[in-house]
Every structure is written in structure tokens, then in C-alpha cells.
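Below are the chains, spelled out letter by letter.
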Amino acid sequence: MAEKGIGARVPRKEDLRFITGRGHYTDDINLPGQAYAVFVRSPHAHARIKRIDKASALSMPGVLAVLDGQDVAADKLGNLVCGWLVKSKDGSPMKMGKHPLLAQEKVRYVGDRVAVVVAETYHQAKDAAEKLVVEYEELPAVVDLAKAHDSSVLVHDEIPNNLCYDWELGDKAAVDAAFAKAHHVTRAEFVNNRLVPNALEPRAAIGHWDPGQDAYTLHMTSQNPHVHRLVISAFIGIAPEHKLRVVAPDVGGGFGSKIFIYGEECVVLWASKKIGGRPVKWTAERSESFITDAHGRDHVTTAELALDAEGRFLALRVNTKANLGAYMSTFSSCIPTYLYATLLAGQYKTPAIYCNVRAYYTNTVPVDAYRGAGRPEASFLLETLVDQAAIEMRMDPADIRRKNFIPKDAFPYQTPVALVYDTGDYATVFEEALRIADYNGFPARRAESEKRGKLRGIGLSCYIEACGIAPSAVVGSLGAGVGLWESAKVRFTHTGKVQVLTGTHTHGQGHETTFAQLVADKLGVPFEDVEVIHGDTDKTPVGMGTYGSRSLAVGGEAIVKACEKIIAKGKKIAAHLLEASEADIEFKDGKFTVAGTDRSKTIGEVVFAAYVPHNYPAGLEPGMEETAFFDPPNFTFPAGTYVCEVEVDPQTGEVDIVRFVAVDDFGNVVNPMIVEGQVHGGLVQGIGQALLEGVRYDDSGQLLTGSYMDYCMPRASDVPFFEVVTSRGTPAVANSLGVKGCGEAGAIGAPAAVINAIRNAIGVRVEMPATPERVWRAIQQSPMLKAAE
Amino acid sequence: MYAFEYFRPTTLAEAAQLLASNPEAKLLAGGQTYIPTLKQRLAKPSAVIDLGRIAELRGIHEEAGGLTIGAMTRHAEVASSPLVKRVIPALAALAEGIGDPQVRNRGTLGGSIANNDPAADYPAAVLGLGATVRTSKGRAIAADDFFTGMFETALEPDEIVTAVHFPKPEKAAYAKFPNPASRYAIVGVFVAKTASGVRVAVTGAAPCVFRATAIEQALEQVWSEASIDGVTIDPTNLNSDIHAQADYRAHLVKVMAKRALRAAG
Ligand SMILES: Cc1cc2nc3c(=O)[nH]c(=O)nc-3n(C[C@H](O)[C@H](O)[C@H](O)COP(=O)(O)OP(=O)(O)OC[C@H]3O[C@@H](n4cnc5c(N)ncnc54)[C@H](O)[C@@H]3O)c2cc1C
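A. The arrangement of the overall build of chain A in detail. Check the secondary structure of chain A and you find 20 helices and 28 strands. Overall, the C-alpha framework of chain A stretches about 90 × 75 × 50 Å when taken along its three principal axes. Relative to its 789 residues, chain A shows a buried fraction of 63%. Counting contacts in chain A only where the partners sit at least 6 residues apart, residues at least 24 apart contribute 79% of the total.

Put into C-alpha cells, the structure is as follows:
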């Protein structure tokens, strides 16, 4: 069995349907009688809605309904909410601006939903949407995060200074004291560039109210269908939870953007009832995705690192402004706080850390979790700051890290920023990465590049992340409105086949394969006999979904627990069939055996007995189906070292990544091929952030990077062949599998490696994205290159 | 897309007649620019006249030592044509560098120059080689007169580009600094040594393709990279946008001119 069990490079079950165009996405679904929704959106970043006149839109052919914010209010639908309460340092709760499903009184960003038009066909809805008369009184907009605090413009009239919260973490006094006696202080300012998530499949939804049953079904692009069901029922109030089914079929990528509860999906569900129960479909156009999917990152930070004379870190002080956009998205509050500041220790034993985060509203698209969510921001600033400290102290960037790593024997390690790291061996991973990258051989390669007129640089990044979110009591004490356990049901059929129902959702991660390997391994059944079912609230047990690299560490462990219950029950049945004592039954490789004998029953025989209980233990329930919930005792802490090597063309500023080595500690690995694929994808996104991607608004709040002609996504030719090693694991403690999570690592660790490599080549740190123009300008200013001339 | 009438003529005469009798009609070549324009509802034509079935608008042949390329010839056909590679290899290389394979398989020479996008590649070759644009009205428009401004040409509203004639240069090459997102030119420079002298055409840098006369004069003196070093490119009338500021574009004009010169030999 081991050949397709834990640790095997099993090709993905889902690939056949995906690469032959047989996936089944929300937009592929067409329900009988379906109508189409088109949203009318604000063309202004900030304006008062003076008047909406529906008459001409309603008179257009095929129009079934035109609904706006007043209709939402009349039906008393709730506002969209942020599910994590963050408190300011003075104890006051964050200030959440009202976020109605359709705008009321004001619009607050270009793309804000003003109304929906529902018509017989998509084109009729488009035509009618153009005819809707909306009169605006334009208001000045606040766009620049750095200026949000003293702007005379208020995004939400009732929220002074546009400040949502002013939050802190860490021991400020201890940090101040350490700075006072520091030998050296390294200081820098960082912009963490705003990104558009750009899932391959745009968001889509079909809402359907069935008048016969007074029940609702919402097909949609979701990473967490049960969370959508919960919020739409408990907060928006469209349908009671038991009368609402949310189905997320194949979903083409999310990167966080499909976690959130947006207005559009709620509106089509509500609109279906408004038109008498015909299904209502909406599929985002790509240009709509750019202005409605929650953006990522967008921080402005000042950071200072205090060091002693030997280069040991004494303290870290970080002041960050985080952009929330116009409204709080579902998890937006916790991203720049609990998923950010808590990671600022990195892989180092820095004894004192203090972080202050002020989150501001601006007239831009809401910002929330995007692959890595908070951790890329933390890792980027720490790893580029550490590099800068090494340069200022004339140390090798490798040596300064060696000096400060948390040693292998210090685990479990309590950081000064709340987290307790369970395991890790940072120095070993680090040396392995440097060995593979031939760090010591770099000077020769640099000299060779120089001969060809190129500037070569090498950059290191030692990232850490917290995955497997999360112990419910811990996140509850920090303000989370939900528990973050996970669920699984393992069900045998008469014929010994297995259905695994999981509360997580796969949208590119390959759960259908990984989870099947897990069950094949635990229950000793063929991999091919295991089918993974997910994404339907009427089928699977209640689950919290997929994000934060949690699915295997939390959801996988729930599957393990369900398998253990199956085995426990199977032992009772086997003992009865084998006329032995239950205590003497051993289970291994799919067989229940009486210890010390060759008398055994296969799991198939036992399962059959459970469904055809003619000869069966008295009092035992028939059937073989077990459910388990798992609430992890801690996060997991993947970590790794990335080494990036670049060649810069001094004529144009172009950066060519010539080599990229990634050594990751993901603990144990179920499918190395899938894990490597996840690392590749993450690295490409991290490189995209470092070199290519970046949202630009003009001063009036118009998005300038609203299409792929202007927003640059990485292509295959922009990245090198990655050298990825994932076998250096220290098993995680929080789950029996010892797995840590791998989905975000690449996006977290790559940006600093790239930017450090460019700095190594040209002597100046370039803000992200390090476009050729920025690099070229930096080269003109570089003291290092001037000195070399 | 708004609704429109759709015509698919098979002869040039028929297409010209349709265009003349439908003042609000537009031509469709490979649709690489026009289909997105329609989908975004930025255009509302009464009719669309698809040139895709007109055989006489397609093809590459040798003429007077140079090349004549039909307006409906796809970028990919030019890029892979042995004839183009033999007679004017710089043209094949330029076509090979346009956009991505999908764009090259649909986009056309006629569509590119009729559209005259300030960042398009072909206008640089047409101007750099001193080509002649032939039209349905029997006109032969010199490149120097054809590109009149941003997205503007000397074509009349009911005039169709039928072909472009490229004289064979002594040597020529094109170097482009692509926009990493769209792959259009942030700056593209076509350098040619022709029977009538040195011609240097710059695309991407300004609102319309133009001849860099200062570089031409310098190269006329001495055909060398050092000549280009001595030239100053004035950024005043160059584009500044989120992708590149004018001074950077001015710098790139020289860098690309030198690269083109090196490639031309
Ligand atoms: C993603 C992308 C990347 C691109 N990258 C590049 C690049 O790197 N470099 C580059 O140069 N170009 C680039 N292009 C442009 C592309 O190569 C085409 O040349 C351009 O879009 C014109 O397309 P088309 O030939 O399909 O013409 P269409 O889009 O069909 O037509 C364009 C316009 O020209 C008119 N027209 C078409 N044919 C004629 C004719 N024979 N006579 C008169 N008028 C006519 C049409 O009415 C229309 O107004 C890119 C395009 C895309 C979509």
C-alpha cells in the first residue's frame, strides 16, 4: 500500500479533468429558468448618491428587477461584517464602517456596488445596467495610505482620521531599554506593495430560492462554503442556516480572495426570491475582478533593529500603517495584526519586539488575506532589515543570521510576540540551502557576470510562518468570532470503497489526492478506492474551509481521527468474527489480526459485516461511518531558507533571476510532488510581488492597473527552474501526521530573497515591484557602483 | 458587445463597397484590438466587415527586390516566412517579438498599422524601412506620410489597407524594450541602412512613431555605437506613464538603438 500512501509522489487525481477541460466550475452550471445579474458600480472613488432613477432601466427588454441599496434596507438585510474583533491599545474596539450589500448614501471606491439589474439574458442585463440613472455628488477621495490619518476626507463620516484601530503587541519598555544600550541601530522604511489576487477563475455565483421548499441554494466560488452559509444566514439574514445550501464545485484558485463574504453572491441569492424563485447567475468579468476581489498587502512601515557589537539582535521596533481599503473585509482586521506582528521574531532569538499597527480606511478596494496574509509582510521587512544590518556592520549576511538563529535545542520556543514555536532546525536548513546554492562560490560567478557587463547579486531570506490556523480558544481570546477546528467524515460502502467528506475545500491544492493517500495509508485500502468529497454544505460535515495552509494540518488530522474511530469499531467486529478478545486484535495494512496468530479479517470483510450484520457483536451499531472534529493545540511553523541569484543589466535595469534555491521545513510530507508544486506556485507569486506586480491608483482613486495590459502577472519566462528541497523536516507537534503546511511559504519567503539579491548586485534596496525603471534609477544613485567606477 | 450587422465579404471590391455604403461600419482583421474594444462596449458600429475571407489581402511575395505583404497576413506568418527571413530578416524578427503566440496567430500587419498604437512594433518597421502603404483607393502612401498621430493615420474612413511594400535595406534590425505586462514596446527602435540613407524609427516612446533624426545624422556620419553615444535624446515630448517616465524612455531610445545597430551588423 505504501506505494500510494504517505510520502509517495502520486500524480494528482484531479489533473485529468482539469487538463482536459472537464472541470466543473460555477459558470459551467446552468439551472433551468436562470436569469442573469449585472452590477452597476461606482465610477467614482468617493461620492454621495443623490438619486437613483430606475425607470428607464426597468423599461428595457427582458428586465426582471432592478435593486439598489434602498431595497436592501427595506428588506432589512444585514451588513457585511468583519469576523475578527481587534482592539486598539486603549482597549476600544475597532471601528467598523457600515458595509451594505448595495451602497447606501455614499459610494467609497471605484467598483462599489450601487445596484443590480436582473434580466432574461446577460446582454439584456448589460444593456439595462447602462440605462440606470445614478446621480452622484462627487467628493474628494483619500487614496494614499501615508496621508490617510490627516486627510480632511473621511471615508466613513463617523470614523475620525479614517483610523480603524491603533493596535500594539510586545513589550515597549523592554524594547526602548534595549535600543538605549544598543551598539548599532539599523533603520528602514518599507512599502509592501498592494497586489491583486488574480485567481484564474473569476468569482461567480448562482443564487436560487425554491419557493416549493422555501429553501435556498447558492452555487459559488468559495474556499469555505460553511463559512459563507454561516455569515449569509446569521449576519446578512437572507435565509436560516438549515434552509441554505452552499455549493462550491471546482474552484479555479483563490489565494484568499474566495474566503470572503462579498456583496455580489449575497445579492444574487436575495434577488432570486425577489423575482419569484428563478435562479440568478452572476459571473465576474476580469475587469470586475480587478476592482472587487479583495486586494492584498499594502503596508507602509518603519522598522528599527538594535544590535550589539557582535551583530546579535537586541530588539526590534516596528511601526506599520495598513491599508484596509474602503470597508473592512471578512478577515481584514487580523491580517496586519495577529498574522503579521506575531511573526516578527522570524527565525531569530531577538529578545524584545514591539509592533504598533494603525489600520486606515481609504477610497480603494477592500484589502484582506492574500496568499501568505500578513506573514509575507513580516518576513519581507525582517529579512531585508537583517540584510541591511549586515551591510551596515560589514558582516556577511549569512554570518549575521547564523549568529541569531534560535538554536535547535531551544524548542518549544516562546517568542516575545505571543507565539510558541513547536519545532525547527533553522541552522541545518540554512546550511543546506547555502550548500546547494554554492554560496561560497558566488564571487567567481559575480566576476564572470561582470565580464559580460552584468551586475550579479545573491540574496538570502529565512522566513517563518504560522500555519494550521488554529487553536480555537487562542484565536477566540484574540478576537476571532469563530472556532477554527476542522471536520471529516470517513464512510465505507458495502463493497469496501471509501468516501471521505471534508470540511476543507480544494481549489488547486490537490486535496483529492493527498487526502486519499492519507486514508489509503491509515486504513490499508487501495488509493483508487478512496474518493474525497468537499464543497457542499448539504453533504459534508460543518467545516471551516481552506486558507492559511491549514487543510492538511487541521483537516487532515480530522481525517486521521475519523480513521482511528473506524479502526476502533472494526476491532470490535473483528474480535467477534474471530472469536477473540478485542484487546488482542491488531490492525495493520488493512488487516485485523489476532495478535501472535495468522487468524485475520480484512477491513473489507469487517466492513461487510458492519453493513450485513448477520453475525455481529450484540449491542454494536451497524454501519461503518465515522465523523471527527479536530481542534489543534497549536499552530504549525514551517520555515525555510531561500537563496536567489540575479543578474542585473545596468543599461536598462532589467533583473534576470538566474537561480533560485528553496529549502523548506514542512515537517512530514504526504506527497512531495504536490508540495513542490505548491512551492513553485508560491515562489512565482512572491517573485511577482518582488519584480512585476503592483496596484497603482491615480490621485482621484481611479485604478490605473485594471487589466493585464497594465498589471503585470509573472509568466513562465520570468522565473528560473526552481531547485526545491522539502525533505529537511522537523515533524510538527500539533498533529499526529507531523505536517506543517506548504501553500504559502513561497510567497512569504521569495520577495526578500529577490530584493536582497538586487541590493547585493547594485548596492541599493529597491522598493517592490523592482521594475527595470526603478532598478535603473537606483543604479544611477548607487554609492557602491559610484565607488567602483 | 452591442448588437451590429456582420459581413464577411470574399473580395476586396465587395468589402470596399460595404464600407462605403455603411458610414458607421468598421473593419475587422484579426480582432486583437477590435474585439476587446467591442466587448468593453467602447465602440458601437452599425456593422462589422470581417476581412478574414479575402484571399487577395493575404500573402507575402518578392517585388522589386523587396517584399510586399498583404494586409491580412498574420504576424506568425511573417515571423516564420523563409522569404522574409531571407530578404528582410529584421522584419521576421520583429514579428516574432510581438505579444504572445495567440496574438501573433491572429494579429495582422494591416490591423497593426491602421490602428497605429503608439506602442506597436510594425509602425517602426514601416517607417524605418521607408515602406509604402497600398490601399483600396489605389493610393500608395509613403511611410513618412502615413502615421499622423496617436492612433491616427492618413487613411480615409472608408479606405482599406491592402498591402505594404518594404524595400530591401542594406542592413536593418529592430530592438525593443517590452512592457513586461502587455509586451508592447515601452521603447522600440528600428535602425536601417537603406538606398536613400540611414533611417531610425522609434516606437513606444512618444504619442506616435517618429524618426530619430539626430541618431540618423550621427549614423550617417559614422555607422557605430559610439555615434549614438554622442546623441542627446530630448525627453520633453516623450511619454510619461505608470510604466516609464520620459527620461527613462529617452535613455532607452539610445540603448535600444545601439542594440539594433549591433544586431544589424
Ligand atoms: C495581449 C496583446 C499583446 C500585444 N502585443 C503587441 C506587441 O508586442 N507589439 C505590437 O506591435 N502589437 C501588439 N499587439 C497588437 C496586435 O499585434 C495587433 O497588431 C493589433 O491588436 C491589431 O490587431 P488585428 O490585426 O487583429 O486588427 P483588428 O483588431 O481586427 O483591427 C484593429 C483596427 O484596425 C482596423 N483595420 C484592420 N485591418 C484594416 C485594414 N486592412 N485596413 C484598414 N483598417 C483596418 C480595424 O477596423 C480596427 O480599427 C498586442 C495585442 C494584444 C491583444
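B. Main features of the domain arrangement of chain B. All names here are of chain B. Domains assigned within chain B are domain 1 (5-50), domain 2 (55-166) and domain 3 (171-264). Placing a centre on the C-alpha atoms of domain 2 and another on those of domain 3 gives a separation of 19 Å. Contact between domain 2 and domain 3 buries roughly 1700 Å² in total, counting both sides, with carbon and sulfur atoms accounting for 63%. Run the count over domain 2 and domain 3 and you get 3 salt bridges.

C. Main features of the packing of helix H17 (residues 672-692) of chain A against helix H18 (residues 745-762) of chain A. Residue and element names in this part refer to chain A. At their nearest, the axes of H17 and H18 sit 7 Å apart, and the two run at 45 degrees to each other. With respect to H18, the axis of H17 lies oblique. Like other packed secondary-structure pairs, H17 and H18 cross with a definite hand, here right-handed. Residues Val679, Gly682, Leu683, Gln685, Gly686, Ile687, Gln689, Ala690 and Leu691 of H17 pack against Gly746, Ala747, Ala750, Pro751, Val754, Ile755 and Ile758 of H18.

D. Broad picture of the sheet that holds strand E9 (residues 204-210) of chain A. All names here are of chain A. Pairing is mixed in the open sheet, where 7 strands are placed in the order E3-E5-E1-E12-E9-E10-E11. Unpaired on one side and paired on the other, strand E3 (63-68) and strand E11 (244-247) mark the two borders of the sheet. The average angle at which neighbouring strand axes cross in this sheet is 20 degrees, direction not considered. Bridge count for strand E10 (residues 215-220) against E11 is 4 bridges, and the pairing is parallel. For Leu218, the partnering residue across the bridge sits in E11 and is Val246. Seen against the sheet, helix H6 (residues 225-236) touches E10 and E11 and runs at an angle of roughly 145 degrees to E11.

E. Representation of unusual backbone geometry. For the peptide bond that leads from Ile469 of chain A to Ala470 of chain A, omega is 0 degrees, which places it in the cis range. By the element assignment, Ala470 of chain A lies in the loop between strand E18 (455-464) and helix H13 (472-477). The step from Met768 of chain A to Pro769 of chain A runs through a cis peptide bond, and the omega angle for that step is -10 degrees. Within the secondary structure, Pro769 of chain A sits in the loop between H18 and helix H19 (772-781). With phi around 55 degrees, Lys76 of chain A is a residue other than glycine that occupies positive phi space. With respect to the helices and strands, Lys76 of chain A occurs in the loop between helix H3 (69-74) and strand E4 (106-107). Positive phi is not limited to glycine here, since Asn116 of chain B has a value of about 50 degrees. Note that Asn116 of chain B resides in the loop between helix H7 (109-115) and helix H8 (122-128).

F. Structural detail: the site of the ligand. Residues and elements named next belong to chain B. Taken together, 30 residues sit near the ligand, with Leu27, Thr33, Thr108, Asp121 and Arg183 positioned nearest. Between an oxygen atom of the ligand and a main-chain N or O atom of Gly99, the distance comes to 2.9 Å. Across the complex, the protein chains shield 92% of the 970 Å² of accessible surface that the ligand would expose by itself. Counting only elements with at least two residues in the shell around the ligand, the list comes to strand E2 (25-28) and H7. Element by element, the count of residues in the shell around the ligand is highest for H7, at 4 residues.

G. Local environment of the interface of chain A and chain B. Every contact between the two is made by 23 residues of chain A and, on the other side, 21 residues of chain B. For the pairing of chain A and chain B, the buried interface totals around 1900 Å² over both sides, and the portion due to carbon and sulfur atoms is 49%. Between chain A and chain B we count 4 salt bridges in total. With its nearest N and O atoms 2.7 Å apart, the salt bridge here joins Arg259 of chain B to Asp649 of chain A. Summed over the shared surface of chain A and chain B, the result is 12 residue pairs in polar contact (both at pLDDT 80 or more). Those elements that place two or more of their residues in the side of chain A that touches chain B are helix H4 (122-131) and H19 of chain A. In terms of residue class, the side of chain A that touches chain B is built from 8 nonpolar, 5 polar and 10 charged.

H. Spotlight on the environment of Gly256 of chain A. Residues and elements named next belong to chain A. Considering the arrangement of structural elements, one finds Gly256 in the loop between E11 and helix H7 (263-274). Once the C-alpha coordinates of Gly256 and His184 are considered, the two residues, 72 residues apart in sequence, prove to be 39 Å apart. Those residues in contact with Gly256 that sit more than four places away from it in its chain are Gln223 and Ala369.

I. Up close: the domain arrangement of chain A. Residue and element names in this part refer to chain A. With domains assigned, chain A is organised as domain 1 (31-139 + 201-252 + 258-292), domain 2 (299-469 + 634-788) and domain 3 (485-630). Here the C-alpha centroids of domain 1 and domain 2 sit 37 Å apart. Each partner contributes residues to the interface: domain 1 has 28 residues there, and domain 2 has 30 residues. Overall, the association of domain 1 and domain 2 removes approximately 2400 Å² of surface from exposure, summing both partners, and the carbon and sulfur fraction of that is 66%. When the buried area of domain 1 at its contact with domain 2 is split by residue, Trp84, Phe260 and Phe290 rank highest and sum to 28% of it. Counting across the interface, domain 1 meets domain 2 through 0 salt bridges. Linking domain 1 with domain 2 are 11 residue pairs in polar contact (both at pLDDT 80 or more), by the criterion used here. Of the residues forming the side of domain 1 that touches domain 2, the biggest block, 5 residues, is contributed by helix H8 (residues 286-292). Considering only residue class, the side of domain 1 that touches domain 2 consists of 15 nonpolar, 6 polar and 7 charged.

Criteria and thresholds
Residues numbered from 1 in each chain as written. Chains lettered and ligands numbered in written order. Predicted model: local features only at pLDDT ≥ 70, side-chain atom pairs only at ≥ 80, totals over all residues. Heavy atoms only, no water. Helix = DSSP H or I, 4+ residues; strand = E, 2+ residues; numbered from the N terminus. Buried < 20%, exposed > 50% of the residue type's maximum accessible area, 1.4 Å probe, protein only. Contact = heavy atoms within 4.5 Å. Domains from an automatic or database assignment. Buried area = accessible area lost by both parts, 1.4 Å probe. Salt bridge = Lys/Arg side-chain N within 4 Å of Asp/Glu carboxyl O. Axes fitted to C-alpha atoms, helices over the stretch in contact; angles between N-to-C directions. Parallel < 35°, antiparallel > 145°, perpendicular 65-115°, else oblique. Left-handed = near helix turned anticlockwise from the far one by under 90°. Pairing = 2+ DSSP bridges. Near = heavy atom within 4 Å. Polar contact = N/O pair within 3.5 Å; in protein donor to acceptor, adjacent residues only side chain to side chain. Areas by Shrake-Rupley, 256 points an atom, 1.4 Å probe, with all protein chains shown as cover. Nonpolar A, V, L, I, M, F, W, Y, C, P; charged D, E, K, R; others polar.

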